[in-house]
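Commentary on secondary and tertiary structure
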Amino acid sequence: MSKNKAYDVIIIGAGPAGLGAALYCGRSLLSTLVLEKMGAGGQLALAYDVDNYPGFEDGIAGPDLSEKMKDHAARFGAEFKIENVSDVLQNGKAKKVVTKSASYSSPVLMIASGASHRKLGVPGEERLAGAGVSYCATCDGAFFRDRKLVIVGGGDAAMTEALFLTRFASHVELIHRREGFRARPMNVENAREHKKIDFTLDSVVEEIMGEQKVEAVRVKDVNTGEEREIDCDGIFVSIGHDPNTGYLGNMLPSYVGRTVPVDMNMETDVKGVYAIGDVRMGSYRQVATAVSDGVTAAMHAEKTLS
Ligand SMILES: Cc1cc2nc3c(=O)[nH]c(=O)nc-3n(C[C@H](O)[C@H](O)[C@H](O)COP(=O)(O)OP(=O)(O)OC[C@H]3O[C@@H](n4cnc5c(N)ncnc54)[C@H](O)[C@@H]3O)c2cc1C
């Protein structure tokens, strides 16, 4: 393992949150290292068309916006390395960040490792992702004007997303594996009362069907085993997120597998450690909000360091 190289700021994750922070840290002349295990952009790089990021009135492909954000941060001196962070530790006042091949330290650490959408894991889901399969109603709902949609889930997110989708869709079928819901009764009631929403309960999606784009889903009644097809133009999967916090066991053990709470400056319980973007508690999980978190943390960190 190479020796412990020091920076002013280390950012874990090169999604929109990490890239927003890297731009502001770099431009404040802080030596900034971004550690990313895959490529730049995070979830943004998976978005076919981003229609709600300010400044791109005709929309922009997720991978293109990712590259622009990375190049922008690099222009102001942020250094990027493709490395998977496996551990973070407090080392006196410094934070030590460990990967397979090296370790790094800095007084400021930004956790920007995002979250992963839970998937159904059924045939057709991966193949038709971006062609009618979506995990974000706010991001993609507007692409489905006057279309028939399916939403899967029984939590508050599924209920509010179902209601949001009625603004665009001609009909929304909500599919949930049980009779009961995790969602608050008021949210369930609002969805139940909406004339565009119908419920298919005690049922699971077995397959997402379609050649080039989503055309139907095959659902199974969990009690009778009976199967049927529901025609639709899109399916929104709203069954939760898993924050990428598995490497935090030595620094913030209570947040492994959970979103990280922060104050208004995005700082965690540990001074100098920030959590930004989808990984933090209460995030709206949008590109713009992730960037905004990164900027807030960078500005606070810059003030603290100087
Ligand atoms: C298909 C899709 C379409 C979307 N469309 C839109 C849209 O149109 N508009 C919109 O506003 N939002 C959209 N979103 C949501 C948006 O992309 C996310 O809210 C945003 O990317 C969150 O940014 P982030 O930086 O917090 O996390 P992420 O984008 O999740 O980035 C986190 C990064 O951290 C890296 N990482 C994780 N663990 C480690 C580790 N241990 N070591 C090193 N690196 C690590 C990951 O590889 C990843 O690159 C979409 C999401 C998806 C999946």
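Residues numbered from 1 in each chain as written. Predicted model: local features only at pLDDT ≥ 70, side-chain atom pairs only at ≥ 80, totals over all residues. Heavy atoms only, no water.

Attention now moves to the sheet that holds strand β15 (residues 216-221). Pairing is antiparallel across the open sheet formed by three strands, whose spatial order is β14-β15-β16. Two strands lie at the open edges of the sheet, namely β14 (203-209) and β16 (227-231), each paired on one side alone. Strand-to-strand, the axes of this sheet are offset by a mean angle of 30 degrees, without reference to chain direction. Of the strand pairs in this sheet, β15 and β16 are connected by five bridges, and their pairing is antiparallel. Residue V219 lies in a different strand from β16, and its bridge partner there is R228. (Pairing = 2+ DSSP bridges. Helix = DSSP H or I, 4+ residues; strand = E, 2+ residues; numbered from the N terminus. Axes fitted to C-alpha atoms, helices over the stretch in contact; angles between N-to-C directions.)

Turning next to the pairing of strand β2 (residues 9-12). In summary, the side chains of a regular strand alternate between the two faces of the sheet. On β2, burial covers both faces: V9 and I11 on one face and I10 and I12 on the other are all buried. Looking at chain direction, β2 and strand β3 (residues 32-36) are connected through four bridges and run parallel. By the bridge assignment, V9 is partnered in β3 with T32. Crossover connection from β2 via helix α1 (residues 16-27) to parallel β3: handedness right-handed. (Buried < 20%, exposed > 50% of the residue type's maximum accessible area, 1.4 Å probe, protein only. Right-handed = clockwise from strand over helix to strand, strands pointing away.)

Around the ligand, the surrounding shell holds 34 residues, and the nearest of these are E36, Q43, N52, D278 and V287. Contact between the ligand and Q43: an oxygen atom at 2.8 Å from a side-chain N or O atom of the residue. Here an oxygen atom of the ligand and a side-chain polar atom of Q286 are 3.0 Å apart. In the complex, the protein chains occlude 93% of the 1000 Å² of accessible area that the ligand would expose alone. When contributions to the shell around the ligand are tallied by element, the ones reaching two or more residues are α1, β3, β9 (115-117) and α6 (287-305). Split into classes, the residues belonging to the shell around the ligand amount to 16 nonpolar, twelve polar and six charged. (Near = heavy atom within 4 Å. Polar contact = N/O pair within 3.5 Å; in protein donor to acceptor, adjacent residues only side chain to side chain. Areas by Shrake-Rupley, 256 points an atom, 1.4 Å probe, with all protein chains shown as cover. Nonpolar A, V, L, I, M, F, W, Y, C, P; charged D, E, K, R; others polar.)

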